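Here is how the chains run, residue by residue.
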Amino acid sequence: MNQSHTVLIPPGAFIMGTDIESFYGTALANSAHAKLDEAPMHVRFLEAYRIAQYPVTNAEYATFVEATQHPPPAHWKNGAYAPDAANLPVVQVNWHDCNAYAQWAGKRLPTEAEWEKACRGPDGRMYPWGNAFAESPELAQILTSNLTPVGSRPATASPYGVHEAAGNVWEWTADWYQPYDDTKAAAAPKHKTLRGGSWLEVRDGTAKRYFRCANRLHAPPDYTAGNIGFRCVQPLSPEQPYAIHVPTATLTAYVKQHKRRNLTLIQKRALRNSLKDGAIAMCLIGGGTYAIIARPDWVIGGVTAGIIGLGFLFSAGVNCWRRWRAAQRITQVDSAHFLLDKHAHSG
C-alpha cells in the first residue's frame with residue numbers, strides 16, 4: 001500500500017463532536033463512552049479534499065529519510081526498519097517528523113475536522129463502521145494486540161473508504177489541542193491533537209472508548225510512542241470535479257432534533273429522580289423527627305436518618321435544577337446556529 005491511494009472527501013456538512021451530560025451521560029445516544037472535550041456536537045462544513053486511504057508505512061517513510069537525510073525513528077536498527085515491517089505503519093515519529101514528511105511529499109497533515117469527517121462519514125456515526133462496537137464477525141479482526149500491516153483490516157473502513165481509522169495507530173493532526181468552544185480556549189495551546197486509537201487500547205481494554213470517531217487525544221509535538229503514526233491530506237486541483245454531499249441545513253436540523261431528544265430524556269429522568277429522592281427525604285426526615293421527639297432513646301438513629309434525609313433532599317434539589325437547566329437548553333437549541341463559521345471553509 002502507498003500514499004498514492006487517496007480517497008476523495010466531497011464538500012459538504014458533517015456532524016462533529018458528541019453531546020454529553022455529565023450526570024446522565026450514559027442515557028444519551030452515542031455518549032456512553034464520550035469525554036467532555038468532545039462537546040458540543042455541532043455541524044461543520046468542509047470543502048473537498050483527498051486523504052490518504054492508509055497511514056504512512058515504514059517503507060514510505062524510509063524513502064523520505066533517504067531523500068532528505070531526516071533522522072529515522074529511534075527504534076530502527078542502523079537506520080533501517082525490520083525486513084518484515086515494510087507495510088506496517090511508521091511509529092515513534094513526533095509531530096515535527098510527520099509535518100516534515102508531509103511537506104516533502106507536497107501534502108499536509110489533516111485538520112481534526114478533516115480527519116473526523118473522513119472517519120465518521122456524513123451521518124454522525126460512533127465508529128467508522130457504524131454505531132455498535134462489533135456489528136459483524138469480520139470486525140473481530142480489530143481485536144488484536146499487535147500492530148498490523150495497512151490494508152489488513154477492511155471491515156474497519158469508514159463510509160468514504162478510509163482504512164485504519166481505528167485500532168492500528170493514533171494519528172497526528174495539524175491542529176493544536178483546545179476546546180471547540182472559543183470562550184474556553186487556552187491562550188497558547190502546547191499540545192497537538194491525536195485521532196484514531198491503537199493496538200494498545202485493545203490490550204488495555206479501552207477500545208470501545210478510544211476507537212470512536214469523535215474521541216480526542218493530545219500530546220506535545222515532540223512526543224513519540226510505539227502506537228502513534230500519521231496520514232496525509234493531498235490538495236485538490238481547482239478543476240477537479242466532485243459532487244456536493246449532505247447540505248448544511250439538513251444536518252443542522254438533524255442535530256437540533258437530536259439535541260432536543262437528549263434534553264427531553266434528561267428532563268424526564270431528572271423529574272423522576274427528583275420525585276423519588278424527595279419522597280425518600282420526607283420519609284427519613286419525618287421518621288427521624290418523630291424518633292427524636294417521641295422516643296428519646298432513638299435520638300442517635302433519628303439524627304442519622306435526618307442527615308441521610310437531607311442528603312436525599314439535596315439530590316432532589318439538584319435534579320430539579322437539572323430539569324430546569326434542560327428546559328433552558330431546549331430553548332437555546334431552537335435558536336442556536338450550530339455551524340461554526342470560523343471553520344466553515346477549512347481544508
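Our structure's up above, just so we're on the same page.
No experiment lies behind these values; they were computed from the predicted model shown.

The rules behind each value
Residues numbered from 1 in each chain as written. Predicted model: local features only at pLDDT ≥ 70, side-chain atom pairs only at ≥ 80, totals over all residues. Heavy atoms only, no water. Pairing = 2+ DSSP bridges. Helix = DSSP H or I, 4+ residues; strand = E, 2+ residues; numbered from the N terminus. Contact = heavy atoms within 4.5 Å. Axes fitted to C-alpha atoms, helices over the stretch in contact; angles between N-to-C directions. Buried < 20%, exposed > 50% of the residue type's maximum accessible area, 1.4 Å probe, protein only. Phe/Tyr/Trp six-rings, centres within 6.5 Å; stacked < 30°, edge-to-face > 60°. Lys NZ or Arg CZ within 6 Å of the ring centre and 35° of its normal. Parallel < 35°, antiparallel > 145°, perpendicular 65-115°, else oblique. Nonpolar A, V, L, I, M, F, W, Y, C, P; charged D, E, K, R; others polar. Core = buried A, V, L, I, M, F, W, Y, C linked by side-chain atoms within 4.5 Å. Lys, Arg positive; Asp, Glu negative; His and termini not counted. Salt bridge = Lys/Arg side-chain N within 4 Å of Asp/Glu carboxyl O. Polar contact = N/O pair within 3.5 Å; in protein donor to acceptor, adjacent residues only side chain to side chain.

Undergrad: When you look at the sheet that holds strand β6 (residues 192-195) in this model, what are you seeing that I'm missing?
TA: The strands that make up a sheet are held in pairs by hydrogen bonds between backbone atoms, and each pair lies either parallel or antiparallel. Pairing in this open sheet of four strands is mixed, and the strands run β7-β6-β5-β8 from one edge to the other. The sheet terminates laterally at β7 (217-219) and β8 (228-229), the two strands that pair on one side only. In this structure, strand β5 (residues 170-176) lies alongside β6, joined through three bridges in antiparallel fashion. If you follow W172 over to β6, its bridge partner there is L194. Packed on one face of the sheet, helix α3 (residues 112-120) meets β5 and β6 and runs near 140 degrees to β5.

Undergrad: Help me out: how do you make sense of the sheet that holds strand β1 (residues 6-9) in this one?
TA: Strand order across the open sheet formed by three strands is β1-β4-β9, with antiparallel pairing between neighbours. Each edge of the sheet is formed by a strand with only one pairing partner; in this case those strands are β1 and β9 (233-234). Summarising the sheet, β1 and strand β4 (residues 49-52) pair through four bridges and their orientation is antiparallel. By the bridge assignment for β4, I9 is matched with Y49. Of the strands in this sheet, β1, β4 and β9 are in contact with α3, which crosses β4 at around 75 degrees.

Undergrad: Mind showing me how you'd approach α3 here?
TA: For an α-helix, 3.6 residues make a turn, and residues three or four places apart therefore share a direction. Most of α3 is tucked away: nine of the nine residues are buried. Among all positions in α3, only E112, A113, E114, W115, E116, K117, A118, C119 and R120 are buried. Just past α3, the residue G121 takes up positive phi, approximately 75 degrees.

Undergrad: What is the right way to read the packing of aromatic side chains from this model?
TA: Between two aromatic rings, the relevant description is the distance of the centres plus the angle of the planes. Counted according to the given criterion, the structure contains 14 aromatic pairs. When the ring of W76 is compared with that of Y81, the centres are 5.5 Å apart and the planes differ by 70 degrees; the resulting orientation is edge-to-face. Using a relative accessible area of 26% as the deciding quantity, one classes Y81 as partly exposed. An aromatic cluster is defined as three or more aromatic residues linked by ring pairs; in this entry it consists of Y61, F64, W76, Y81, Y101, W104 and F230. The ring of W176 has K192 lying over it, and the distance from NZ or CZ to the ring centre is 4.0 Å.

Undergrad: So what exactly am I meant to see when it comes to the packing of helix α1 (residues 58-68) against helix α2 (residues 95-104) here?
TA: Relative orientation of the contacting elements α1 and α2 amounts to 80 degrees, with a least axis distance of 11 Å. As summarised for this structure, α1 and α2 are arranged roughly perpendicular, according to the angle between their axes. Contact residues: E60, Y61, T63, F64, A67 and T68 in α1; D97, A100, Y101 and W104 in α2. Of the residues that constitute the contact of α1 with α2, the class distribution is six nonpolar, two polar and two charged.

Undergrad: I tried to follow the nonpolar core on my own but got confused; where do I start?
TA: Across soluble globular proteins, you tend to see nonpolar side chains buried next to one another. With 21 residues, the main nonpolar core has V56, Y61, V90, Y101, W172 and F230 as its most contacted residues. F14, Y160, V162 and V233 belong to the second-largest nonpolar core, a separate cluster that totals 13 residues.

Undergrad: What exactly am I supposed to notice about the environment of A157 here?
TA: Here A157 is to be found in the loop between α3 and β5. In this structure the C-alpha to C-alpha distance between A157 and P128, which are 29 residues apart in sequence, comes to 6.2 Å. In this view, A157 contacts P128, W129, V162 and H163; residues no more than four positions away in its chain are not counted.

Undergrad: Honestly, the side chain of K192 in this entry has me stumped. Any pointers?
TA: Looking at the element boundaries, K192 is found in strand β6. Buried within the structure, K192 lacks any salt-bridge partner; D175 is the closest side chain of opposite charge, at an N-O distance of 6.6 Å. Only 2.9 Å separates the side chain of K192 from the backbone oxygen of A174, close enough to count as a polar contact. The contacts of K192, once residues within four sequence positions are left out, are W95, W172, T173, A174, D175, W176, Y177, L217, H218, A219 and P221.

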